[in-house]
Amino acid sequence: MSQAKPGVVMVSLSEAYAIAIGHHRAGRMGEAAGIYRAILDADPRQADALHLLGVLAGQTGRGEDAVSLITQAITLDPEAADYHDNLGSLRRTGGDAVRAAGQHARALALEPGRAKAAFNRGLALGDLGRVEEALICFRAALRIDPGYGAAALAAGRLLAGGPEPTAAERWLAHALSLAPDSADAWAAVGRARLAAAEADGAVRGYGRAARLCPGNGAALSNLAMATLQASGALPEFPRADRPEASWGEPLGRVLDLFLEALDYGTGEVAEVALFRTAVLTIHRGMLDDARLERIAERARDRLRCAPGDGAAAACIAHSLYRRGRLVTASRLARRYLRGWSEEAIRADPQTAKWRQVDARPVFLDTLSGYRPRIAEAGERSMPVPPAAGGGAILLVSVDSGYWRRFGGWFLSHALKDAPGNRVHVHIVNPGAEDRADLDRRCAAQPGRLSWSLERIDLSVHAPGAETTYYACARFFVARDLLGWTGAPVFITDIDARCTAPLPPDLRDGAGWDLTIMRDRRARGPFDDIIVSFLGIAPTAAGREFLGLVGAYIGWFFDRGEAAWTLDQAAPYAVLYDWTRRGRTPRLRDCEFLRLPWFDFPVKGEG
């Protein structure tokens, strides 16, 4: 050290190093750096001071300074293995795994018994995809130091998700034998089992890690991800042993874990997953109001920094809908979608659905005078019209593909009981074979089966609009049937199964204007009224309702905004508006899950 200034206590070089290292280990970085610099002021060739100051720089996020300082130390003392080892770690942190591996190799050449250098070289080689060489290094580290659990853990992580899952398990088991309470090792077990499609094992591994690290957001988020996959609720990870009825509890657990993780400051991945999982849970009718309110509050914060998160916006809209504030939800959706491209809206299913929910009075007031262009765009005709009299008509609207897949099967159930129900089939753009088939079937069931067709060019609409139109066209055809027969019309699906004829009061339209089927699981305004069974009586209120629903549907089609579930959003919004204004049509409410005349769905049959 240089001569002391007046008032400064002299210490030896070794004492200065001891004091500096003490500060360094205690995390007092400023004090440690001051002493290292004082040593270098006194003797710029103190390689240890340069090295330790470089280590400190790396620990405080100044990577370039760290590399420069340790490189200078190596120039002064090229035989110091720890200098090379630490420089290698800095290179790897900076993304240069090739130079890092070489630096660690130099450290091992200088000090073959340095377990840390063998371990670090293994990490760098693993980054380069040189798995076998990396494993050799990890084994070497364990030979040098049999208690070096980090090497076993790194090997297990490297092999997880690869073609030898049992090898990964062996390495991780060894890591746990050395450190049974290592949260990192248990988390690695979770990752390995998730990669091996063993979701239950992943839950156990991540669960143990979370218990060992209470308050650790990342551990909670990992456990949530594993629990979600294990639930069987994700379409990409179905489980025959986890039927839909069992999903409610694990999905609630997943949402609670994500919320707790976010309370502890975990990152954006968990936040995005929270809202997507919430939307999935809403769609399945399994999200309770209390959880939804907590999630919606978090979603409001999310949208301030990430206005493009459609799932977060959907959570807020759903919470408003459940509180009976659909007008507010409509306004929020429109404000939120300003600036979105059409492509972005259609890429986000929730956003596309919510755009079609418009309960604003100013919008609904325009429908009574609106003539939808889509309703007149095609050419409709009725080769076999329904007979006069005979009671209610079951109406299905399909394309050629759905008719060929389900037509015969549907009719075999719908027409099996005499006199039973009447059926009308509307087919969009049928082929000659479809026409002949329907004519033949109508001839075999005179008075009970009728059909109509429509020629329309739907290619000018957005992708997916064709399927939406097949469902929505039912409302236009129902209007025609009401005018033609004066009998009640029941819209249904061709992949539904009729289990019994409609009762006399429904067949005759006695004492009601609308018969609706509700899904009371609060899944959204586009899933509340299920048009797999929707009856319209030939009354003034029934005809007015049908006209408003058709205008609602046409408005969205005419503007190129039609998407799936429009046929359900329209009747819900119109009926909501009537209720809000005090209109009281005579309603027959049916429960979706308990309807006595139909089973839904049966897409796996036929």
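See the structure printed just above.
Residues numbered from 1 in each chain as written. Predicted model: local features only at pLDDT ≥ 70, side-chain atom pairs only at ≥ 80, totals over all residues. Heavy atoms only, no water.

A. Region of the structure containing the overall build of the chain. Within the chain, the secondary structure is distributed over 28 helices and ten strands. Radius of gyration (C-alpha) of the chain: 35 Å, far over the 25 Å computed for a compact globule of 606 residues. Per-residue burial for the chain yields a buried fraction of 53% across its 606 residues. If you take every contact in the chain between residues at least 6 apart in sequence, the share linking residues at least 24 apart comes to 67%. Total accessible area on the chain is roughly 26,600 Å²; 52% of this is exposed by carbon and sulfur atoms. Taking the average location of the 74 positive side-chain charges in the chain and that of its 72 negative ones, the two points are 3 Å from each other. (Helix = DSSP H or I, 4+ residues; strand = E, 2+ residues; numbered from the N terminus. Rg over C-alpha atoms; globule rule 2.2 N^0.38 Å. Buried < 20%, exposed > 50% of the residue type's maximum accessible area, 1.4 Å probe, protein only. Contact = heavy atoms within 4.5 Å. Areas by Shrake-Rupley, 256 points an atom, 1.4 Å probe, with all protein chains shown as cover. Lys, Arg positive; Asp, Glu negative; His and termini not counted. Charge placed at Lys NZ, Arg CZ, Asp CG, Glu CD.)

B. Seen up close, the pattern of salt bridges. Overall, the coordinates contain 51 salt bridges when judged by the stated rule. Its salt-bridge partner being Glu 169, residue Arg 193 comes within 3.2 Å of it at the nearest N-O pair. Linking Arg 193 in helix α11 (residues 183-195) with Glu 169 in helix α10 (residues 165-178), this pair joins segments that are 24 residues apart in sequence. Between Arg 474 and Asp 567 there is a salt bridge, and its shortest N-O distance comes to 3.0 Å. Of the two residues, Arg 474 sits in helix α25 (residues 465-485) while Asp 567 sits in helix α28 (residues 566-580), which places them 93 residues apart along the sequence. Put simply, Arg 518, Arg 520, Asp 528, Asp 589 and Glu 591 are held in one network by salt bridges that share partners. (Salt bridge = Lys/Arg side-chain N within 4 Å of Asp/Glu carboxyl O.)

C. Region of the structure containing empty space enclosed by the protein. One pass over the full model with this rule turns up four cavities of 30 Å³ or more. Computed from the structure, the largest cavity encloses a volume of approximately 70 Å³. Of all the secondary structure elements, the ones that give two or more residues to the lining of the largest cavity are α17 (310-322), α18 (326-337) and α20 (349-355). (1 Å grid on protein atoms, 1.4 Å probe; cavity = no way out; pocket = protein on both sides within 12 Å on 5 of 7 lines; lining within 4 Å. Points joined across faces, edges and corners; volume = space filled by probe spheres on them.)

D. Highlighting the pairing of strand β4 (residues 449-455). Counting buried positions along β4 gives six out of seven residues, so the element sits mostly inside the fold. Pairing analysis gives four bridges linking strand β1 (residues 379-384) to β4, with the strands arranged antiparallel. For Val 384, the partnering residue across the bridge sits in β4 and is Trp 451. Pairing analysis gives six bridges linking strand β3 (residues 422-428) to β4, with the strands arranged parallel. Counterpart to Val 425 in the pairing with β4 is Trp 451. Following the chain from β3 across helix α24 (residues 432-444) to the adjacent parallel β4, one finds a crossover that is right-handed. (Pairing = 2+ DSSP bridges. Right-handed = clockwise from strand over helix to strand, strands pointing away.)

E. Molecular detail of the nonpolar core. Among the nonpolar cores identified, the biggest contains 144 residues, and Ile 295, Leu 326, Trp 354, Tyr 552, Ile 553 and Phe 557 are the most heavily contacted of them. Top contributing element to this core by residue count: α25, with eleven residues. Those residues in contact with Phe 557 that sit more than four places away from it in its chain are Ile 374, His 461, Ala 465, Thr 468, Tyr 469, Cys 472, Ala 562 and Leu 566. (Core = buried A, V, L, I, M, F, W, Y, C linked by side-chain atoms within 4.5 Å.)

F. Structural detail: the environment of Gly 149. The residue Gly 149 is located in helix α9 (residues 149-159) in this model. Residues Gly 149 and Met 225 lie 76 residues apart in sequence; the distance between their C-alpha atoms is 26 Å. The contacts of Gly 149, once residues within four sequence positions are left out, are Ala 175 and Leu 178.

G. Expanded view of the side chain of Thr 515. When you line up the elements, Thr 515 lands in strand β7 (residues 514-518). Residue class for Thr 515 comes out buried when judged on its relative accessible area of 0%. In this structure Thr 515 touches Phe 490, Leu 506, Phe 533, Leu 534, Gly 535, Arg 588 and Cys 590, once residues within four positions along its chain are discounted.

H. Molecular detail of the environment of Pro 463. Structurally, Pro 463 is set in the loop between β4 and α25. In sequence terms Pro 463 and Ala 563 are 100 residues apart; their C-alpha atoms lie 9.0 Å from each other.

I. Local environment of α10. Compared with the 20 Å implied by 1.5 Å per residue over 14 residues, the 20 Å span of α10 between its first and last C-alpha is a close match. Every buried residue of α10 is accounted for by Ala 167, Ala 168, Trp 171, Leu 172, Ala 175 and Leu 176. On its buried face, α10 is in contact with α8 (131-144), α9 and α11. (Expected span 1.5 Å × (residues − 1).)

J. Representation of the packing of aromatic side chains within the structure. In this structure the tally under the stated criterion is 21 aromatic pairs. On the basis of an interplanar angle of 50° and a centroid distance of 5.3 Å, the ring pair of Tyr 402 and Phe 406 is categorised as tilted. Residue Tyr 402 and its partner Phe 406 are both found in helix α23 (residues 400-414); the two are separated by four residues, about one turn of the helix. Taking relative accessible area as the criterion, Tyr 402 reaches 31% and is therefore assigned partly exposed. (Phe/Tyr/Trp six-rings, centres within 6.5 Å; stacked < 30°, edge-to-face > 60°.)

K. Looking closely at the environment of Trp 512. Tracing the backbone shows Trp 512 in the loop between α26 (504-508) and β7. Residues Trp 512 and Ala 537, spaced 25 residues apart in sequence, show a C-alpha to C-alpha distance of 6.9 Å. Ignoring anything within four residues of it in the chain, the contact list for Trp 512 reads Pro 488, Phe 490, Asp 505, Leu 506, Gly 535, Ile 536, Ala 537, Thr 539, Arg 586 and Arg 588. Of the polar contacts made by the side chain of Trp 512, one reaches the backbone oxygen of Asp 505; its length is 3.0 Å. (Polar contact = N/O pair within 3.5 Å; in protein donor to acceptor, adjacent residues only side chain to side chain.)

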